[in-house]
Amino acid sequence: MKHYGLTTLLAISSLGSMQAALASRCNTPIEPVQQVLANSLGYNLSNTRQGISAINSGNVNQLELAYVHIAPDPDATERRGSPVLTRQVIYTPTRSSIVALDRATGCEYWSYTVKVGSSLSGGDGFRAMNYVPAMGNKPPLVVAGDSEGHLHVMNARTGQLLWQKFVGTAPDYHRITATPQFYQGKLLVGMASREIFTALSKLVLACCESHGLLVAVDAYTGKIDWTYHTTAPAQRQWDLLQGPNGVPVWSTPAIDEDSHTVYIGTGQNYSAPTTNNSDAIIALDTRNGKVKWIFQATASDSYPVACGSPFPLDGPCNPLHSNDFDFGASPIIHTTSSGQKVILAGSKNGMVYSLDASSGKLNWQKRLGAGANLGGIHWGMATDQQRLYVAVSDVMINKMNALSLDQINMPFSDTANITSYPGSAQSGGMSLAPNAKPGIYALDIDHGNLLWEQHPSHIASDGNSYPSAYSAAVAVTNDVVFAGSLDGVMKAFRSSDGKELWSYNTAKPVNGVNGISGTGGTIDQVGAYIGGNNLIINSGYDQFGGANTLQAGPGNAMYVFRLAGTR
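Criteria and thresholds
Residues numbered from 1 in each chain as written. Predicted model: local features only at pLDDT ≥ 70, side-chain atom pairs only at ≥ 80, totals over all residues. Heavy atoms only, no water. Helix = DSSP H or I, 4+ residues; strand = E, 2+ residues; numbered from the N terminus. Buried < 20%, exposed > 50% of the residue type's maximum accessible area, 1.4 Å probe, protein only. Contact = heavy atoms within 4.5 Å. Areas by Shrake-Rupley, 256 points an atom, 1.4 Å probe, with all protein chains shown as cover. Core = buried A, V, L, I, M, F, W, Y, C linked by side-chain atoms within 4.5 Å. Pairing = 2+ DSSP bridges. Axes fitted to C-alpha atoms, helices over the stretch in contact; angles between N-to-C directions. Phe/Tyr/Trp six-rings, centres within 6.5 Å; stacked < 30°, edge-to-face > 60°. Disulfide = S-S within 2.5 Å. pLDDT = per-residue confidence, 0-100. Polar contact = N/O pair within 3.5 Å; in protein donor to acceptor, adjacent residues only side chain to side chain. Salt bridge = Lys/Arg side-chain N within 4 Å of Asp/Glu carboxyl O.

With respect to the overall build of the protein chain
Logical step 1: On a plain count of helices and strands, the protein chain comes out with five helices and 42 strands.
Logical step 2: Classification of the 567 residues of the protein chain by burial places 64% in the buried group.
Logical step 3: In the protein chain, 62% of the contacts between residues at least 6 apart in sequence involve partners at least 24 apart.
Logical step 4: Entry remark: accessible area of the protein chain is about 19200 Å², with carbon and sulfur atoms responsible for 51%.

Digging into the nonpolar core
Logical step 1: Core analysis: the largest hydrophobic core is formed by 38 residues, its most contacted members being Leu 63, Phe 482, Trp 502 and Leu 535.
Logical step 2: The element best represented in this core is strand β42 (residues 557-563), accounting for six residues.

Points about the environment of Lys 437
Logical step 1: Relative to the assigned elements, Lys 437 resides in the loop between β29 (431-432) and β30 (439-444).
Logical step 2: When neighbours within four sequence positions are excluded, Lys 437 is seen to be in contact with Leu 368, Val 392, Asp 394 and His 455.

A short note on the environment of Thr 169
Logical step 1: If you trace the backbone, Thr 169 turns up in the loop between β10 (161-166) and β11 (174-175).
Logical step 2: Note on Thr 169: relative accessible area 48%, which makes it partly exposed.
Logical step 3: When the C-alpha atoms of Thr 169 and Ser 210 are compared, they prove to be 8.6 Å apart, with 41 residues separating the residues in sequence.
Logical step 4: With residues up to four places along the chain from it excluded, the contact list for Thr 169 reads His 174, Leu 213 and His 229.

So, the environment of Ala 372
Logical step 1: Inspection of the secondary structure assignment puts Ala 372 in the loop between β25 (362-367) and β26 (381-383).
Logical step 2: By relative accessible area, Ala 372 is classed as buried at 7%.
Logical step 3: Between the C-alpha atom of Ala 372 and that of Val 395, which follows or precedes it by 23 residues, the distance is 5.9 Å.
Logical step 4: Discounting chain neighbours no more than four positions away, the residues touching Ala 372 are Asp 324, Phe 325, Lys 348, Asp 394, Val 395, Met 396 and Ala 433.

Regarding the sheet that holds strand β18 (residues 254-256)
Logical step 1: Strand order across the open sheet formed by four strands is β18-β19-β20-β21, with antiparallel pairing between neighbours. Strands at the two margins of the open sheet, each flanked by one partner only, are β18 and β21 (291-296). Adjacent strand axes in the sheet meet at a mean angle of 15 degrees, parallel and antiparallel pairs treated alike.

Overview of the packing of aromatic side chains
Logical step 1: One pass over the structure, following the stated rule, counts 15 aromatic pairs.
Logical step 2: Consider the rings of Tyr 263 and Trp 293, whose centres lie 5.9 Å apart with planes at 45 degrees: the pair is tilted. Separated by 30 residues along the polypeptide, Tyr 263 in strand β19 (residues 261-265) and Trp 293 in strand β21 bring together distant segments of the chain.
Logical step 3: Look at Tyr 504 and Phe 561: their rings are 4.8 Å apart centre to centre, the planes differ by 80 degrees, and that puts the pair in the edge-to-face class. With Tyr 504 in strand β37 (residues 500-505) and Phe 561 in strand β42, this pair connects stretches of sequence that are 57 residues apart.

Brief notes about the sheet that holds strand β5 (residues 97-102)
Logical step 1: Taking strand neighbours across the sheet as the criterion, the five strands line up as β1-β3-β4-β5-β6 in an open arrangement whose pairing is antiparallel. Edge positions in the open sheet fall to β1 (36-38) and β6 (108-113), since each of these has one partner strand only. Between one strand axis and the next, the sheet turns by 20 degrees as a mean value, whatever way the strands run.
Logical step 2: Direction of pairing for strand β4 (residues 89-93) relative to β5: antiparallel, over a ladder of five bridges. Opposite Tyr 91, over in β5, you have Ala 100 as the bridge partner.

Observations concerning the state of the cysteines
Logical step 1: Applying the stated criterion to the full structure yields one disulfide.
Logical step 2: Here Cys 26 pairs with Cys 107 through a disulfide, and the sulfurs are 2.0 Å apart. When the S-S torsion is 105 degrees, as for the bridge of Cys 26 with Cys 107, the disulfide is right-handed. Pair noted here: Cys 26 is in the loop between α2 (17-20) and β1 and Cys 107 is in the loop between β5 and β6, with a separation of 81 residues, a long-range link.

A few points about the confidence of the model for the protein chain
Logical step 1: Mean pLDDT over the protein chain works out to 87, with 84% of the residues at or above the 70 mark.
Logical step 2: Segment residues 118-123: pLDDT under 50, and 19 contacts once partners within four positions in sequence are set aside and those in other chains are kept.
Logical step 3: Below pLDDT 50 for its whole length, residues 405-427 participates in 53 contacts with residues either more than four positions away or in separate chains.

A short note on the side chain of Thr 113
Logical step 1: Within the secondary structure, Thr 113 is located in strand β6.
Logical step 2: Within polar-contact distance, the side chain of Thr 113 engages the side chain of Ser 97 at 2.9 Å.

A look at the pattern of salt bridges
Logical step 1: Tallied over the entire structure, the rule returns 11 salt bridges.
Logical step 2: With a closest N to O distance of 2.8 Å, Asp 225 and Lys 186 form a salt bridge. With a gap of 39 residues between them, Asp 225 in strand β15 (residues 224-229) and Lys 186 in strand β13 (residues 186-193) connect regions that are remote in the sequence.
Logical step 3: Take Asp 225: its relative accessible area is 45%, and that puts it in the partly exposed class.
Logical step 4: Across the pair Arg 494 and Asp 497 runs a salt bridge, and its minimum N-O distance is 2.7 Å.

Brief notes about the pairing of strand β31 (residues 450-454)
Logical step 1: Both β30 and β31 contribute to a ladder of four bridges, which runs antiparallel. In the strand pairing of β31, Ala 442 is matched with Trp 452.
Logical step 2: Remark: five residues form the turn of the hairpin made by β30 and β31, two consecutive strands paired antiparallel; Gly 448 in that turn has positive phi of roughly 80 degrees.

The following block contains the structure:
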């Protein structure tokens, strides 16, 4: 794989400048002290995805569209990274930019743009960001991670780059998809790997040498304090493959300040030998990265994307143990009615787990979905003081067929006119898993009992009705649960009984407040983002193919709603 060095990757680019120039510039500065309404994919250190807002079941039908922001990148086909919402500003990532917008009007305070290499194709550039408030004489920060393992730290008021650094150990593979969490001056950064996709470019004989990390980085200098490696260094095995490997960390860590503990979810190994910390929840000491406990939900799971290839290209794939049952949903810290601190975790295997936060002991488990390689429970759950809210996708796909050749770096001399293999998801290769039960569920947190469930459907372009699949993270605010489906529709449900209260279809052409025309599409990953009087929706996702009967496909739009009569 060609690796783009820091000088090339981080050079300020004119990419999209013709379009970005159309954006209206704000004529007032960003205030030095900001009230943060929602921060990171999980909204807070506990990853509750509980928004602090004025939106409730009595006024949710008064949400109106304030404006739409279109990604300024000419080749953006996704809008997937979680924004940050303050009282004044929406900080939002696009494929190659971080943009600071006025929350009320959508005018632009600043934008930070990098030149991206081909390995960031498909909109998969900036996906993870966080806001660090001003402290003493230190300015407020915007922290963003990219798909080549670099952290970019900017002055949140001006957009000035303060430092950038590659914080992984495998430059050809490491990527940041998890939100870097800020705690006691450090950024705790989960690291995943592109090697799950790129192994086939080596004809799988070298699979696989990389593994996941959790890295503690000084937020102001970039100095690495400690690194937790999810596996030992890979060694050549008897079958010419390498291992152990995999166990990526691509969900956002949760941090318990009282016990100085960080909780991470991990993915599968890419090939044998498998390890005891894959598909697991792991508790680490925030001060040194030492392991406190490990809870493994699915043992012996080894899965590279090559599992979707015909023999002999499937190489390290073991059909008996290739489930791809990651913990992609971020772990949640919650205190039960009895005072027990628990970790709530949802897996792509379709199960929800409650674990004792101090020991990792299983309190209860509940099956909601059948499980599949796109969930089960994919991107995230939400909780308030009464209930746990869970989105279930139960969608399966041959990931090999759905990816472009550029994403897997196949060794063809000319891939300019080749976008996917025949039979890809773009021509309908996505399907529901056997015995699928996609929908939205509410559980009693203390015991895991099912309280209610909803199973919406939609009419696809072929005129037929299909179950709506919920891969994106759900969110809750007051007595309203928001959930977005792959077909591009955001719905609001009453948290007490699941009654549908509001719905909006984002999968349509739109004109952006920044003077660019674009379109909405699939809602995935971030789902609803809520704070103050606002609901924010990222619309557009094509990591696993284009439009079909289950998903709306590519898009580049961020919808900003607000309660009528407010700013």
